[in-house]
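# Observations on the three-dimensional arrangement
Residues per chain are reported as follows:
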Amino acid sequence: GNLKELTLILDFNGVLEHTTWRSQNANGTWNVTTGPFHGSVEAVERLSKFYTIVIATAGGVDSAKYIEAFVKKYFPAIEDVIYTRRKDLLNCTVQVDDSEYNLGENNAIPILFWPLARPNNSQHLQVKDWPTLERVLTQLAIELYKEEV
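The structure contained in this document is the topic of the report that follows. Keep in mind that what you see is a predicted model, and the values were worked out from it rather than measured. (Residues numbered from 1 in each chain as written. Predicted model: local features only at pLDDT ≥ 70, side-chain atom pairs only at ≥ 80, totals over all residues. Heavy atoms only, no water.)

Before going further, it helps to examine the packing of aromatic side chains. In the structure shown here, the tally under the stated rule is eight aromatic pairs. Ring centres 5.9 Å apart and planes at 50 degrees place the aromatic pair Tyr66 and Phe70 in the tilted group. Placement of both Tyr66 and Phe70 in helix 2 (residues 61-74) is noted, with a separation of four residues, approximately one turn of the helix. A residue is classified by how much of its surface remains accessible, and Phe70, at 6% relative accessible area, is buried. When the ring of Phe70 is compared with that of Phe75, the centres are 6.3 Å apart and the planes differ by 35 degrees; the resulting orientation is tilted. Across this residue pair, the class does not change: Phe70 and Phe75 are buried. Ring pairs connect the aromatic residues Phe12, Tyr66, Phe70, Tyr74 and Phe75, which therefore count as one cluster. (Phe/Tyr/Trp six-rings, centres within 6.5 Å; stacked < 30°, edge-to-face > 60°. Helix = DSSP H or I, 4+ residues; strand = E, 2+ residues; numbered from the N terminus. Buried < 20%, exposed > 50% of the residue type's maximum accessible area, 1.4 Å probe, protein only.)

Encoded structure:
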């Protein structure tokens, strides 16, 4: 089998893009700083040897320029960005999201990216950081590849 037959769909905000609120201005607006999650840039590059990687995000047209510039800068191995609120309609091998409501409604293997300290009672496999996520996804690719042979 061809490893690149495996498809990985990643959520954008909360899985690839990490948002930190620095301070609130007097007028009530926030100064927001964003960047990639620790370890995600290198992990996505390595995982692209096993998976066709695509982002699925509910972000609309107004955020498309920002998302595409962010992806080009940090994640050149990501092949496409899909803008949709209906992630349940997507056909892929593995889906990683930080909202359990977006998982488990399609045929994908669901993984909940949950970097927060507070627990949640999700039924899905949960990972807390990118080094763990990369290990899980690499192992999964090896297992799925063995099944194909």
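Turning our eyes to something else, we now look at the nonpolar core. Leu10, Leu16, Tyr51, Val96 and Trp130 are the most contacted members of the largest nonpolar core, which totals 30 residues. For this core, the secondary structure elements donating two or more residues are strand 1 (6-10), helix 1 (40-47), strand 4 (51-57), helix 2, strand 6 (94-97), strand 7 (109-113) and helix 3 (130-148). At six residues, helix 3 tops the list of elements feeding residues into this core. Ignoring anything within four residues of it in the chain, the contact list for Trp130 reads Leu10, Val15, Leu16, Phe37, His38, Gly39, Ser40, Ala43, Val44, Leu47 and Phe113. (Core = buried A, V, L, I, M, F, W, Y, C linked by side-chain atoms within 4.5 Å. Contact = heavy atoms within 4.5 Å.)

We now examine the side chain of Lys87. Inspection of the secondary structure puts Lys87 in the loop between strand 5 (80-83) and strand 6. The exposure class assigned to Lys87 is buried, which follows from its relative accessible area of 5%. Only 2.9 Å separates the side chain of Lys87 from the side chain of Asp11, close enough to count as a polar contact. (Polar contact = N/O pair within 3.5 Å; in protein donor to acceptor, adjacent residues only side chain to side chain.)

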